[in-house]
Amino acid sequence: MGVLSGGPAETPLTGQVALPERIRSPWWQLGRRLLLAFAILAGTVLLVYLDREGYRDTGDATAADPNGTISLIDSVYYTTVTLSTTGYGDISPISDGARLVNAFIITPARIGFLVLLIGTTLEVLAQRSRELFRISRWRKQMGHHVVVIGYGTKGRSAVETLVGNGLDREHVVVVDPSPVALADAHADQLAVVTGDATRRGVLQRAGVAEADQVIITTGRDDSNVLAALTVRQLNPDAWIVAAVSEQENAPLMRQSGADSVITSSDAVGRLLGLSTLSPTLGTVMEDLLTYGEGLEVAERELLVNEVGMPPQSLPDQVIAVIRDEKVYRYFDPVVTLLARGDRLVVVRPAKELPWAPRPGTHDEDFATDED
């Protein structure tokens, strides 16, 4: 669990938690074991052959060699039956040195050889135990995290934006039934719960009840609506952001419990229209939508030295003011002068990130209601 092989992708179990892990090819694992087993076999054969005077072949008395001396073939035969614990007893050590070598070298080699022979079973058991321990520890640490339902293009871009603004990848959980999404999320070092996000059990395994935010970005509006309803039942306090393909489904999505609804088709269509009417305006809008380059839209706290100032006079380009949880445009008469407790939506250079929750690019004091 959590390890992807180089062969055909297996269908993951519904509701299974899979944490990201280092990926190795099964051929690499098999080749490594074969090399180790061959090295033990060859080393033991050489050891027995070099000390052949200390061994006697008691089963060769009637054969061509009545003295029972040990040849290279006898060394290979003795090594294989000894390491496999068969031990016919026809070849045995007779000198003290050969017996010491058997006790302190060949016997540990026998143990190592057997471990390699059953290594696959042991590794599976150890891996399952280790994975169960990791998942148990992960669940204990989980809380106040972000659940991303659907890890396609939109979900992946949302995660990149969150991580780029300071969110730890360990606080992101992806829910998606697709093996492709599982592979992509593991490549991005994200935990995955495999399954249908419209099922309560799957969302419960993702810790939706303890999550602060939930992002819903599946490819179907009906699935998004049902997922939002289920999330809201499990967590009445979570902030839910959902995407819909068609504008006509946006009201239904809000009624289902989503706090913020993004219409992807309308947004793309508007950008296409603006780029057609004014290529330069389209370039600016694309810049604002592209993370980490050029300009960024950000929300920040009001600074103490900005209280009482008009929004237009601030160094940042203020486009909106949030007061008492309501959004006002910067030119609205209600926010002619900024007051304590206001939050600002600004446009600033992307290089000044991270922007949340620290205002500006310095450690200025906040002008909050508690001051």
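From a predicted model like this one, the values you see are computed outputs, not experimental measurements.

Some words on the packing of aromatic side chains
According to the stated counting rule, one finds 1 aromatic pair in the structure shown. With a centroid separation of 5.3 Å and an interplanar angle of 80°, the aromatic rings of Tyr330 and Phe331 are classed as edge-to-face. Relative accessible area serves as the criterion here: at 34%, Tyr330 is assigned to the partly exposed category. Overall, the relative accessible area of 58% leaves Phe331 in the exposed class.

Some details on the sheet that holds strand β11 (residues 317-323)
An order of β10-β13-β11-β12 is seen for the 4 strands of this open sheet, with the pairing classed as antiparallel. Unpaired on one side and paired on the other, β10 (295-301) and β12 (326-329) mark the two borders of the sheet. Direction aside, the axes of adjacent strands within the sheet are offset by 30° on average.

Re the environment of Arg340
Within the secondary structure layout, Arg340 lies in the loop between β12 and β13 (343-349). Distance in space between the C-alpha atoms of Arg340 and Glu306 is 9.1 Å, their sequence separation being 34 residues.

Some remarks on helix α5 (residues 153-164)
Residues three or four positions apart in an α-helix share a direction because the helix packs 3.6 residues into each turn. Between its terminal C-alpha atoms α5 stretches 16 Å, which fits the 16 Å expected from 12 residues at 1.5 Å a residue. Here α5 has its buried residues at Gly155, Ala158 and Val159. Considered in projection along α5, the buried side chains sweep an arc of 100° and stay on one side of the axis. Tucked inside the fold, the buried residues of α5 contact β4 (146-149), β5 (172-175) and β7 (213-216). Within two residues after α5, Gly166 carries a phi angle of roughly 105°, on the positive side.

Examining the UniProt feature "transmembrane region" (unreviewed entry) in the chain
Here the UniProt-annotated "transmembrane region" (unreviewed entry) positions come out as residues 34-50 and 103-126. The span residues 34-50 carries 100% helix and 0% strand; its end-to-end C-alpha distance comes to 24 Å.

Things to note about the nonpolar core
Counting 27 residues, the largest nonpolar core has Val147, Ile149, Val175, Val214, Ile216 and Met253 as its most contacted members. Among the elements of the structure, β4, β5, α7 (200-205), β7, α8 (221-234), β8 (239-244) and α9 (250-255) are those that each provide at least two residues to this core. With 5 residues, the single largest contributor to this core is α8. Setting aside anything within four residues of it in sequence, one finds Ile216 in contact with Ile149, Asn224, Ala227, Ala228, Ile240, Val241, Ala242 and Ala243. If you look at the next biggest cluster of nonpolar residues, it comprises 13 residues, including Val148, Ala185, Val192 and Ile215.

Focus: the packing of helix α10 (residues 264-277) against helix α11 (residues 279-289)
Closest axis-to-axis distance for the α10/α11 pair is 5 Å, and the angle between their directions is 145°. The residues of α11 that touch α10, namely those facing Leu271, Leu274, Ser275, Thr276 and Leu277, are Pro279, Leu281, Gly282, Met285, Glu286 and Leu289. Taken together, the residues that form the contact of α10 with α11 break down as 7 nonpolar, 3 polar and 1 charged.

Here we look at the pairing of strand β9 (residues 260-263)
Residues of β9 alternate between two faces, with Val261 and Thr263 buried on one and Ser260 and Ile262 left unburied on the opposite face. Direction of pairing for β8 relative to β9: parallel, over a ladder of 4 bridges. Bridge pairing links Val244 to Thr263 in β9. In this fold, β8 hands off to α9, which returns the chain to β9; that crossover is right-handed.

So, the pairing of β7
Bridge analysis of β4 against β7 gives 4 bridges, and the strand direction is parallel. Bridge assignment links Ile149 to a residue of β7, and that residue is Ile216. Two elements, β7 and β8, share 4 bridges in a ladder whose sense is parallel. Across the sheet, Gln213 pairs through a bridge with Trp239, a residue of β8.

What counts as what
- Residues numbered from 1 in each chain as written.
- Predicted model: local features only at pLDDT ≥ 70, side-chain atom pairs only at ≥ 80, totals over all residues.
- Heavy atoms only, no water.
- Phe/Tyr/Trp six-rings, centres within 6.5 Å; stacked < 30°, edge-to-face > 60°.
- Buried < 20%, exposed > 50% of the residue type's maximum accessible area, 1.4 Å probe, protein only.
- Pairing = 2+ DSSP bridges.
- Helix = DSSP H or I, 4+ residues; strand = E, 2+ residues; numbered from the N terminus.
- Axes fitted to C-alpha atoms, helices over the stretch in contact; angles between N-to-C directions.
- Expected span 1.5 Å × (residues − 1).
- Arc of directions from axis to C-beta.
- Contact = heavy atoms within 4.5 Å.
- UniProt positions renumbered as here; feature names shortened; annotations may be inferred.
- Core = buried A, V, L, I, M, F, W, Y, C linked by side-chain atoms within 4.5 Å.
- Nonpolar A, V, L, I, M, F, W, Y, C, P; charged D, E, K, R; others polar.
- Right-handed = clockwise from strand over helix to strand, strands pointing away.

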